[in-house]
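# Report on the structure
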Amino acid sequence: MTKLRFNLAISLDGYLAGPDQSVDHPLGVGGQHLHDWAFALAAFRRMHGMEGGEVNASSQVIEETVANVGAFIMGRNMFGGGPGPWRDDPPWTGWWDDDPPYHVPVFVLTHHPRPALAMQGGTTFSFVTDGIAAALAAARAAAGDKDIVVAGGASVAQQYLAAGLVDEVNVSIVPLLLGAGERLFARLGSTAPRLEQVRVIEAPGVTHVKYWVIR
């Protein structure tokens, strides 16, 4: 059955990004270290068109992030460029090079419309201005019988969690204290989901925990 899931790295104090996010610091100050455990892995390098790399207990987790995925959903900050109208000098294509690592349709939640952006490798960014339900409907139509992944950031993940639409939560907990920034499990209020822990994988520099959302 098709699932809506996310796979996100957080600090030990619960932050998905550090303070003072900007074009120069897309994950906030210090936030780039949330992914240090992944950068040297062969599975991660392969996704980004590179050779070589290490294999350890995190390799399985990286491979699962793209297994059976038919579409991604992300927020404006995750795509890149900061808030406000889109840049057109030249047109902003996000944090990505010409061949982003998705290779399937990606739906970007934003308040500012723009035409779809087709990239190399099968990635097409479509920009959705009418909310999370519209983005999910479009992603389901594109994904067919495959899963949909919420790629981030925190606000988008929170909205789908609060709406009761997420089926599976995967968090990679890094022994890093950011102290401030964007918390993943914030602003959920009385709509916070109940979670059942179904797996823990300990790996160098990170602990991966999988939860199912209890309906």
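Residues numbered from 1 in each chain as written. Predicted model: local features only at pLDDT ≥ 70, side-chain atom pairs only at ≥ 80, totals over all residues. Heavy atoms only, no water.

## Looking at the overall build of the protein
Across its full length, the protein holds 6 helices and 11 strands. Relative to a compact globule of 215 residues, whose C-alpha radius of gyration would be 17 Å, the protein shows 17 Å and is just as compact. Seen through its C-alpha atoms, the protein measures out along the principal axes to roughly 45 × 40 × 35 Å. Taking all 215 residues of the protein together, 44% fall into the buried category. For the protein, the share of sequence-separated contacts (at least 6 apart) that also reach a separation of at least 24 residues comes to 63%. As presented, the protein carries roughly 10,700 Å² of accessible surface, and 56% of it is formed by carbon and sulfur atoms. In the protein, which carries 15 positive and 21 negative side-chain charges, the distance between the mean positions of the two groups comes to 6 Å. (Helix = DSSP H or I, 4+ residues; strand = E, 2+ residues; numbered from the N terminus. Rg over C-alpha atoms; globule rule 2.2 N^0.38 Å. Buried < 20%, exposed > 50% of the residue type's maximum accessible area, 1.4 Å probe, protein only. Contact = heavy atoms within 4.5 Å. Areas by Shrake-Rupley, 256 points an atom, 1.4 Å probe, with all protein chains shown as cover. Lys, Arg positive; Asp, Glu negative; His and termini not counted. Charge placed at Lys NZ, Arg CZ, Asp CG, Glu CD.)

## Some words on the packing of aromatic side chains
Under the definition given, this model contains 7 aromatic pairs. Seen in terms of ring centroids, Y102 and F125 are 6.3 Å apart; in terms of plane orientation they differ by 80 degrees. Their pairing is edge-to-face. Residue Y102 is found in the loop between α4 (76-79) and β4 (105-109), and its partner F125 is found in strand β6 (residues 124-128); the two are separated by 23 residues along the sequence. Across the pair, F125 and Y102 agree in class, each one buried. Taken together, the ring pairs in this structure connect F72, F79, W86, Y102, F125 and F127 into an aromatic cluster. R76 extends its terminal NZ or CZ atom over the ring of W86, reaching a point 3.6 Å from the ring centre. Just above the ring of W86 sits the side chain of R114; from NZ or CZ to the centre is 4.8 Å. (Phe/Tyr/Trp six-rings, centres within 6.5 Å; stacked < 30°, edge-to-face > 60°. Lys NZ or Arg CZ within 6 Å of the ring centre and 35° of its normal.)

## Here we look at the sheet that holds strand β1 (residues 4-11)
Here we have 9 strands laid out as an open sheet, ordered β5-β6-β4-β3-β7-β1-β8-β11-β10, and mixed in their pairing. The open sheet has two edge strands with one neighbour each: β5 (117-118) and β10 (194-203). Of the strand pairs in this sheet, β5 and β6 are connected by 2 bridges, and their pairing is antiparallel. For A118, the partnering residue across the bridge sits in β6 and is T124. (Pairing = 2+ DSSP bridges.)

## Observations regarding the pattern of salt bridges
Taken as a whole and judged by the stated rule, the model has 6 salt bridges. Note that E64 is salt-bridged to R199, the shortest N-O span being 2.9 Å. In this pair, E64 sits in helix α3 (residues 58-66) while R199 sits in strand β10, placing the two residues 135 residues apart along the sequence. Owing to a relative accessible area of 26%, E64 belongs among the partly exposed residues under this scheme. (Salt bridge = Lys/Arg side-chain N within 4 Å of Asp/Glu carboxyl O.)

## Brief notes about unusual backbone geometry
The omega torsion of the bond from G152 to G153 falls at -5 degrees, within 30 degrees of zero and hence cis. One non-glycine residue, D20, lies in positive phi territory at about 60 degrees. Assignment of secondary structure puts D20 in the loop between β2 (15-17) and α1 (36-39). Phi is positive for H103, which is not a glycine, with a value near 65 degrees. With respect to the helices, strands and loops of the structure, H103 is situated in the loop between α4 and β4.

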